[in-house]
Amino acid sequence: MSEVSEVPEAPHTSHLPRTSHTRAAQRLRGRRYSRRFAAVATGLAASLALGAAALPPAAQAAPERPGTGHSTGTGPGTGHYPGRMVDLQVLAINDFHGHLQPPAGSSGTVTHEHPDGTTEAVPAGGVEYLATALRKARAGERRSVTVAAGDVVGASPLLSGLFHDEPTIEAMNALDMDVVGVGNHEFDEGQQELLRLQRGGCHPADGCYGERGFGGAEFPLLAANVVSEQTGKPLLKPYTVVKERGVKVGFIGVTLEGTANLVSAEGIEGLTFLDEAETINKYTEELRRKGVHAVIALVHEGGYPANPAYNADCDASGGGVSGPIVDIAARTDAGVDALVTGHTHQPYVCGLPDPEGNDRLVTSAASYGRLFTELEMTYDRARRDIVRASVSGTNHVVHREQPRAPDLTRLIDRWQELAAPVANRPIGYVSEDITADRSLPETPLGDLVADAQLAHARTQDEAAELALMNPGGIRADLTYAASGGEGDGVVTYAEGYTVQPFANTVNVVSLTGGQLLDVLREQVSGANAASPKILQVSDGFTYTLDLTRTGADRVVADSVRLHGAPLAADRVYRVAVNSFLAGGGDGFPTLAEGTDPLVGGGDLRALEEYLRAHSSADTPLDAPAADRITVVR
């Protein structure tokens, strides 16, 4: 484990005497170094090769070092320099979301592109395999740092989510994680819970699990742009400096500025989320003043590659990458040597221009631990800086054909034993996979969840007429293949939890037809203009989405129907939405204007009730047709 130092104090930090901090840090580092030694030994013993995507250099890139992937920059040449020039490895993941076990369905594969242009889905992920892969990658490296760019926890499967993500933090400790930037999902249970994950201690409501206490994260959680409205100080540490055998690298962590639109308002009360690039620039300058010139940003905001294959060329010849990260990269201080990103769950290793017009490496390793990015670079010890031209990156597949790490297997087994009584309970039956591909405007699982919420809402309010569901609240497919010993087609509580892990309630509000039309327009305008969020709709609610138009006009107003009747602007409709949407989340402020609110039961309870009412072992549920939204392209 790398030595971490020179970290500025943040609010709520323990005020032990500095000598106590130092001794505690020494004890902690001793444990980490022991694990790192064991990890290297494990890696040397591993015999199966990892799949990797070696991406070609950008048009202006300097020559690559042997054995590396994509490299960017305009500095001096690269290579191995005795004494002054030394190699540094950074291993990165993002958007792990508590997926300790191998993800199922489409969430558990990555797309590999063959030289002839054909593609195949490669099974990937699972923390036991990720541990093996990272340990093998570190083997023989004298200077290696492991980082994550947000959403390590939150929206997690039941094995982690049921225990407030303590299992995932323990797993990250076992992976020898050095630095983690926060993402929006780290705030799912509120800022105080995030602070508990850093510091440790038992859950304030549920207490301790089993006989073990919870020690918290053995790595800093960084949140440079999450500040108190009253004091302007960061909630957590904004940056940390990692020291590795004469190398000093500053890591700055930021989440997306729009986090407040993605989490429940009560959990972030009193916090402000600042501009990502401006915040990185502020702390880059602060690090310079401290003599730290090598800087890597962990940015929980990302982009969308033109080609979704993990091994596709992301540069000009491959169509490049679009999305919010392009602007962030263009405004981020050229002194930042690389941007490790996340949030979009996409794979890319790409060169994007910095403010001086030079390409700089920007990476993302998809999600759920299916990939990890290996960044290789040269550090100039005389200049105390990374040689920008030397920075190269490769995304590696976390194959399931390699040995599992025994210590992570034991960790999973221990938590599974605690979760089993709840997790294995059957709640329904399906005849086929019911999928939720968020790249599509409407999905079968989206329809199913919307129908389930409307059915539940009607048990609370007979006047409920339709339901709207945000696609980001549906986290996985319902798969036909058994995830354990329950048998094919059986939906367990754990599988239902993985689909809807947020513990939202199903609420009912009154909206006029005019307001409903505004809600539909907000899917493709305002906060959602650049990245549309198409709400999933219940049976009987239909309309046309014309993607050949722009902005709010993409919703064809006179096409909106409820059970065949046109939407009446002045009529009041009772609409079921989850509590997150009811507060205006995901960029839908009009939903927060709903009147006569009624709070129903939990969204997972609604899904379970629907599956029990509409399926059995003899008559399993078929996937809905996903034909409620007509899309014109």
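Above this text you will find the structure in question.
First things first, this report covers the structure right here in the doc. Here the residue numbering is sequential within each chain, running from 1 through the sequence in written order. Predicted model: local features are reported for residues with pLDDT of at least 70 only, side-chain atom pairs are reported and counted for 80 or more only, and whole-chain, interface and lining totals are derived from all residues. Just so you know, side-chain values use all the structure's heavy atoms and leave hydrogens and water out.

**Here we look at the overall build of the protein chain**
(1) Moving on: Helix and strand assignments come from DSSP, with helices taken as H or I runs of at least 4 residues and strands as E runs of at least 2, each series counted from the N terminus. Helix and strand content of the protein chain: 13 helices and 33 strands.
(2) Moving on: Summary of the burial criterion: residues with accessible area below 20% of their type's maximum are buried, those above 50% are exposed, and those between are partly exposed, where the area comes from a 1.4 Å probe applied to protein chains only. Looking at the 633 residues of the protein chain, the share that counts as buried comes to 58%.
(3) Moving on: For this analysis, residues touch if any pair of their heavy atoms sits within 4.5 Å. Residue pairs in contact within the protein chain that sit at least 24 positions apart in sequence constitute 77% of those at least 6 positions apart.
(4) Moving on: Accessible areas in this description were obtained via Shrake-Rupley with a 1.4 Å probe; residue shielding takes into account the shown protein chains only. Summed over its atoms, the accessible surface of the protein chain is roughly 24,000 Å², and 51% of this surface lies on carbon and sulfur atoms.

**Some points on the state of the cysteines**
(1) Moving on: The disulfide criterion is simple: two cysteine sulfur atoms within 2.5 Å. Counting across every chain of the model gives one disulfide.
(2) Moving on: Between the sulfur atoms of Cys202 and its disulfide partner Cys208 the distance amounts to 1.5 Å. Because the torsion about its S-S bond is 55°, the bridge between Cys202 and Cys208 counts as right-handed.
(3) Moving on: Residue class for Cys202 comes out partly exposed when judged on its relative accessible area of 33%.

**Describing the sheet that holds strand β24 (residues 464-469)**
(1) Moving on: Strand pairing is defined by DSSP finding a minimum of two bridges between the two strands. Pairing is mixed across the open sheet formed by five strands, whose spatial order is β27-β24-β31-β26-β32. Sheet topology places β27 (536-537) and β32 (595-602) at the edges, where each strand pairs with a single neighbour.
(2) Moving on: The sheet contact formed by β24 and strand β31 (residues 572-578) spans three bridges and is parallel. Among the inter-strand pairings, Ala464 is bridged to a residue of β31, identified as Arg574.
(3) Moving on: Where helix α9 (residues 444-460) meets the sheet, its contacts fall on β24, β26 (505-512), β27, β31 and β32, and the angle it forms with β24 comes to roughly 140°.
(4) Moving on: Lying over the sheet, helix α11 (residues 513-522) contacts β24, β26 and β31, oriented at roughly 120° with respect to β26. A fitted line through C-alpha atoms serves as each axis, taken over the contacting stretch for helices, and the angle formed by two N-to-C directions is quoted from 0 to 180°.

**Focus: the environment of Asn281**
(1) Moving on: By secondary structure assignment, the location of Asn281 is in helix α6 (residues 276-289).
(2) Moving on: With 50 residues separating them along the chain, Asn281 and Arg331 place their C-alpha atoms 8.6 Å apart.
(3) Moving on: Apart from the residues within four sequence positions on either side, Asn281 is in contact with Arg331, Thr332 and Asp333.
(4) Moving on: Within polar-contact distance, the side chain of Asn281 engages the backbone oxygen of Arg331 at 3.0 Å. Definition of a polar contact: a pair of N or O atoms within 3.5 Å, with one able to donate and the other able to accept a hydrogen when the atoms are protein atoms, and with sequence-neighbouring residues admitted only if both atoms are side-chain atoms.

**Describing the side chain of Asn395**
(1) Moving on: Here Asn395 lies in strand β22 (residues 392-397).
(2) Moving on: A polar contact of 3.1 Å, which involves the side chain of Asn395, links it to the backbone oxygen of Ser364.
(3) Moving on: One polar contact links Asn395 to Thr373, side chain to side chain, over a distance of 2.6 Å.

**Side note on the pattern of salt bridges**
(1) Moving on: Salt bridges are defined by distance alone: a side-chain nitrogen of Lys or Arg within 4 Å of a carboxyl oxygen of Asp or Glu. One pass over the full model with this rule turns up 22 salt bridges.
(2) Moving on: Salt-bridge contacts for Asp327 lead to Arg331; the nearest nitrogen and oxygen are separated by 3.0 Å. Remark: Arg331 and Asp327 occur in helix α7 (residues 324-331); sequence separation between them is four residues, near one turn of the helix.

**Thoughts on the pairing of strand β4 (residues 85-93)**
(1) Moving on: Among the nine residues of β4, eight are classified as buried, and the element is accordingly described as predominantly covered.
(2) Moving on: As paired elements, β4 and strand β20 (residues 371-380) share eight bridges and run antiparallel to each other. By the bridge assignment for β20, Asp87 is matched with Thr378.
(3) Moving on: In this sheet, strand β7 (residues 144-149) lies alongside β4 in parallel orientation, the contact comprising five bridges. If you follow Val90 over to β7, its bridge partner there is Val145.

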